[in-house]
Amino acid sequence: MGQGASAVLLNCGKHQQQQQQQHGYIQQQQQHTFLQHQQVHQREEEGHGRRRRWQHWRQEDWHPRPLAAHAAHSPDSTTLCCAGWGSHNDEIKTSGVGGSIAGSSGDPAGPAAMSSGGELTVGGAGGGPVLTPLLNYDPECARMEAWLDEHQDFVHDYFIRKASRHMVDMWLVSHALPQNVGSGAYGGGGAGGSSGGEAGANSCGHSGQPPGSRTSSGAATPVRKISAHEFEKGGLVKPIVTTIDGTPTFLSPPAAAENVAILAKVRRKSRTELKGLDERQLIFELVKDICNDLDVRSLCHKILQNVSILTSADRCSLFLVQGDKESDNRCLVSTLFDVNPDSTVEEMQEKEEIRIPWGSGVVGYTAQSGAMVNIPDAYEDPRFNRNIDGKTGYKTRSMLCMPIKDSAGEVIGVAQVINKHQGQVFTASDEKVFESYLQFCGIGLRNAQLYERSQLEVKRNQVLLDLARIIFEEQSTIEQMVYRIMTHTQSLLQCERVQILLVHEASQGTFSRVFDLEVKDLQGDDAENRTSPFESRFPINIGITGHVATTGETVCIADAYQDAKFDPSVDENTGFRHRSVLCMPIKNTAGKTVGVVQLINKFDNLPFTRNDENFLEAFAIFCGMGIHNTDMYEKAITAMAKQKVTLEVLSYHATAPREDALRLMKLKIPSAQAFKLYDFKFDDFSLDDDGSLKACLRMFLDLDLIGRFHIEYEVLCRWLLSVKKNYRNVTYHNWRHAFNVAQMMFAIITTTQWWKILGELECLALLVACLCHDLDHRGTNNSFQIKASSPLAQLYTTSTMEHHHFDQSVMILNSAGNQILSNCTPDEYSRVISVLEDAILATDLAVYFRKRGGFFAMVKGKEYDFKKEENRVQLRGMMMTICDIAAITKPWVTQKQVAELVAGEFFEQGDIEKEELKITPIDMMNREKKDKLPMMQVLFIDSICLPVYEIFAELTPELKPLLEGVLENRKNWQMLANETMNKDRSSINNNNNKNNNNNSSDANTAVENAHSI
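Given the structure is predicted, the values throughout are model-derived calculations rather than measurements. (Residues numbered from 1 in each chain as written. Predicted model: local features only at pLDDT ≥ 70, side-chain atom pairs only at ≥ 80, totals over all residues. Heavy atoms only, no water.)

Trainee: Just to check I follow, could you spell out the overall build of the protein chain for this structure?
Mentor: Assigned secondary structure in the protein chain consists of 37 helices and 17 strands. With 1013 residues in all, the protein chain has 46% of them scored as buried. Within the protein chain, residue pairs in contact and separated by at least 24 positions form 67% of the contacts whose partners lie at least 6 positions apart. Carbon and sulfur atoms form 52% of the exposed surface of the protein chain, whose accessible area is close to 51100 Å². (Helix = DSSP H or I, 4+ residues; strand = E, 2+ residues; numbered from the N terminus. Buried < 20%, exposed > 50% of the residue type's maximum accessible area, 1.4 Å probe, protein only. Contact = heavy atoms within 4.5 Å. Areas by Shrake-Rupley, 256 points an atom, 1.4 Å probe, with all protein chains shown as cover.)

Laid out in structure tokens, this is it:
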């Protein structure tokens, strides 16, 4: 370790000293310097300098300084390069100190410079720490870095010319993830830094990030009962990162080589130095050498090299157990074979893997029995396989095999040493040392395997999340979705063919579609442009796929020709031979089998393993959800297309013919006075249909809506005809009712001159709303729709009919030839539609009851200002109500006739409720209670009509005639109600008298009968 490390050590306390001594990071000759630095640090910590110096590390105001800021520094600024500070680009800049301290000076002036107003900046060109560690950070490198910092233009030009794609990718990845920058005031190596990443962070006892900061939490799986807060303990990185091409992915980038960095910083003792130690010291040194290595291959290599030192063996091999106890495929796999003291991990990786069956040979026997085997002469032992020497050209003489056990006593591997030096045999002392060392190795190896397994589990989850993202990011066609699944399945599970067969809905044993993908398909010229798989190219092995489809069982076959379910005829004349087969059902969320996925021929003639089954099972789950969602999506698209066609047909039939509009255009339009449109007592009984249409045209003309909004006269005529056509021929809520409501709105607006308050847009919207407010009314109310569970009630949960009326209004307004708002600006159109919707929904009496309290209080308190939108909204809603129920204000003859029409429609609904819904209707809709109509009208007036008309009479005197009409009609209905009540009383009295007379007659008859007897 160079003297430049003193700058880092200066910032570490007693805890760092203990940690670094434990990991072997400090050489003995640096101890004196370290103690001096510790004393300096303690003195600094006693004062407030430490707090001032590091206050910018607090989470709320810590920001890495971008590299661009470095070039803007003054030329006389000092650069203090820190070995192990996070990367070779990390630096501490101070001002006012001449010269350059580049690690070789050894002068611990860093803290003094910092306390005198220096500034700490961390990061490279992107302002963040760089992951790639700088190994062997010597003074020459430090001077070179200082020169590069002073020549930024050269650095930029050099990077543009010489940087590789891999370097750019690594830079992007390192800046896409939240990194551990350092350990705050304590210094030390940052994550991925030159001090060895994780080890550097641990050297100060911190997680490698500024004090008070928190790591990014991982995404919690919803079905697992775990809080996202739990993931903060592990410091998980962002779940989604972005690749260089901008594609989001769950797959995290390759982690920094922590173990390689540790190897670079930790100097392993030479064989000569180890020989000078006693047995206890030797075991301690070798155990310390492996305790921090979590890479299985690197750890195994260390174990073997250390074993060769302990036993003076020429070569060593390590075999790890693969497979569960109950598995028939359990074996021993040579992680490293024929390791010698001078070999490297990279050289060992190039050797071919050797598999030894469980219980076979010397190694298999050792693993099975759990006992040590010491063979002085290998060729004299029948368990020894001489073919190995024939292949390697190396002659085995003596051999010592020892099982490696974990803390539970389970055999997890076998270590083998061969040929003790100088032709000797392995002694009992070798056995003892060998056994002692392997006890520690078993624990370390188990930890490394658990770590490797956890990393693989993380990677597996990332793969599955990425698959889920790919499947669900775009709901398109079943072909595209299946193709994405098949390509990922083939790439991950490494097989020659993938087939996905969709089960026929009518028959579970047959398939409606068969998709197939071959590895050659991904290598063709059209592979990049292909978006769907091939179909029905290969024969279907119905024996296996049919079995899986009908039973829902998974089938895994190592040799297809040895299984009775396989039909060999599928390979005839194809040039293809089935070997291994893995077939699994695809199920939807309801557990029903919707398809089958089949993998054929794993690469390298290997059988499909349990791990392959696990992966395919997860793929099948996603595939099932994807197929189900895509199927639902396609059905939704089809339904939308059908709906669109239906709307087009309905729109065509709902639109009035152009000929009728042309005819209406030619008619003469009388004046409003001639129609009596300004009169609150207006009635339409004398008008025919053409008369009502002409009266509507007159209202638009007198309000100047045609000229103001540039409405084409032909379009207006056709729109009116279409609106009239879309009213059903029901007893009351028909076109005539809508026309009367519009006339009352026109009369109110003109009489009160509220058109000045409302403005032209709102007047247009209100007139349109009155004419359309009951479009397509079926003669039944909202309550009936809910009781009958009609489609309208399923579509709209509140104000059912009113929402339907509004939708019909918009449909007609958007129909060709009926677009009276086509010349409005976009803002005007949006405003009209908004007011139109509010106005139509306001005709629901439930809305009226909900909102009238606020309006009544506003008017009584004189707190209204109709320049405010919220006040006008209330006014418009109440205006729609008084226009909708305005029949109650008409002269008595008109009111009584309209009331009978309303009652008739109500009775028709009551009849339907009794006959179809089998329920008893309320009195208002019960034909048997029609004699109670006058009293029900009185109650209707008292609860609904009188309050709102009294408020409007108070609001403006011009509307008092409406209140007077209501009061007059109430008096008349009360008289009818009283007459009805008197008739009922007379009827009751007559019935009582009749009953009394009958009783007297019966008594006289009884007396006469008695006398006759």
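After that view, the rundown keeps rolling.
Trainee: Hey, could you run me through the nonpolar core in this one?
Mentor: Among soluble globular proteins, nonpolar side chains are generally buried collectively. Membership of the largest hydrophobic core comes to 101 residues, with the highest contact counts inside it found for Phe700, Trp719, Ile748, Phe855, Tyr949 and Phe952. If we ignore the near neighbours within four places in the chain, the residues touching Ile748 are Phe680, Gln753, Trp754, Met879, Ile882, Cys883, Leu959 and Leu962. Listed in part, the 32 residues of the second largest apolar core include Leu467, Leu616, Phe619 and Cys623. (Core = buried A, V, L, I, M, F, W, Y, C linked by side-chain atoms within 4.5 Å.)

Trainee: What should I look at first to understand the sheet that holds strand β16 (residues 581–587) in this one?
Mentor: Strands in a sheet are paired, the pairing made by backbone hydrogen bonds, and the direction either parallel or antiparallel. Read from one edge of the open sheet, six strands run β14-β13-β12-β17-β16-β15, paired in antiparallel fashion. Each having just a single partner strand, β14 (534–535) and β15 (555–557) make up the two edges of the open sheet. Pairing between β16 and strand β17 (residues 593–602): seven bridges, direction antiparallel. Bridge assignment links Lys587 to a residue of β17, and that residue is Thr593. (Pairing = 2+ DSSP bridges.)

Trainee: Is there a simple way to think about the packing of helix α33 (residues 845–860) against helix α36 (residues 933–955) in this case?
Mentor: The packing of two helices is summarised by the inter-axis angle and the distance between the axes. Taken N-terminus to C-terminus, the directions of α33 and α36 make an angle of 30 degrees; their axes are 11 Å apart at the nearest point. Relative to α36, α33 is oriented so that their crossing is left-handed. Of α36, the residues touching α33 (which contributes Leu845, Tyr848, Phe849, Arg852, Phe855, Phe856, Val859 and Lys860) are Ser943, Ile944, Pro947, Val948, Ile951, Phe952, Glu954 and Leu955. Partitioning the contact of α33 with α36 into residue classes produces 12 nonpolar, one polar and three charged. (Axes fitted to C-alpha atoms, helices over the stretch in contact; angles between N-to-C directions. Left-handed = near helix turned anticlockwise from the far one by under 90°. Nonpolar A, V, L, I, M, F, W, Y, C, P; charged D, E, K, R; others polar.)

Trainee: It is not clear to me how the side chain of Thr366 should be interpreted in this structure. Could you clarify?
Mentor: Tracing the chain through its elements places Thr366 in helix α16 (residues 361–369). If near-sequence neighbours (up to four positions away) are discounted, Thr366 is found in contact with Ala371, Val373, Cys401, Met402, Pro403 and Val414.

Trainee: What exactly am I supposed to notice about the packing of aromatic side chains here?
Mentor: For any pair of aromatic rings, the description consists of the separation of the ring centres together with the inter-plane angle of the planes. The full count for this structure, using the stated rule, is 14 aromatic pairs. Measuring from centroid to centroid gives 5.3 Å for Tyr678 and Phe746, while their planes differ by 25 degrees, and the two rings are stacked. Residue Tyr678 is located in the loop between α23 (672–675) and α24 (689–702), and its partner Phe746 is located in helix α27 (residues 735–752); the two are separated by 68 residues in the primary sequence. Its relative accessible area of 34% is what places Tyr678 among the partly exposed residues. The class of Phe746 is buried, set by a relative accessible area of 1%. An aromatic cluster is defined as three or more aromatic residues linked by ring pairs; in this entry it consists of Trp754, Phe855, Phe856 and Phe952. (Phe/Tyr/Trp six-rings, centres within 6.5 Å; stacked < 30°, edge-to-face > 60°.)

Trainee: Explain α36 here, please?
Mentor: One turn of the α-helix equals 3.6 residues, which is why residues spaced by three or four share an orientation. For α36, spanning 23 residues, the distance from its first C-alpha to its last is 31 Å, which sits close to the expected 33 Å at 1.5 Å a residue. The sharpest bend along α36 comes to roughly 45 degrees, located at Cys945, with the proline Pro947 sitting one to four residues further on. (Expected span 1.5 Å × (residues − 1). Bend = angle between axes of the 7 residues up to and from the residue.)

Trainee: Looking at this structure, I do not really get the pairing of β16. What am I missing?
Mentor: Here is the key point about a regular strand: its side chains alternate between the two faces of the sheet. Extensive coverage of β16 is indicated by the burial of six of its seven residues. Linking β16 to β17, which pair antiparallel, is a turn of five residues; within it Gly591 sits at a positive phi near 85 degrees.

Trainee: What exactly am I supposed to notice about a nonpolar patch on the surface here?
Mentor: Nonpolar side chains collect at one region of the surface, where Trp147, Phe154 and Tyr158 lie side by side and expose about 320 Å² of accessible area between them. On the secondary structure map, Trp147 appears in helix α7 (residues 139–150). Relative accessible area serves as the criterion here: at 41%, Trp147 is assigned to the partly exposed category. (Patch = residues over 30% accessible without salt bridge, like charges linked within 9 Å, V, L, I, M, F, W, Y side chains within 5 Å. Salt bridge = Lys/Arg side-chain N within 4 Å of Asp/Glu carboxyl O.)

Trainee: How should I be thinking about the pattern of salt bridges in this particular structure?
Mentor: For side chains bearing opposite charge, pairing can occur when the charged atoms are close. If you walk through the whole model with that rule in mind, you get 34 salt bridges. One salt bridge in this structure joins Glu928 and Lys914, with 3.9 Å as the shortest N-O distance. On the criterion of sequence distance, the pair formed by Glu928 in the loop between α35 (892–917) and α36 and Lys914 in helix α35 is long-range, its members being 14 residues apart. The class for Glu928 is exposed, based on a relative accessible area of 62%.

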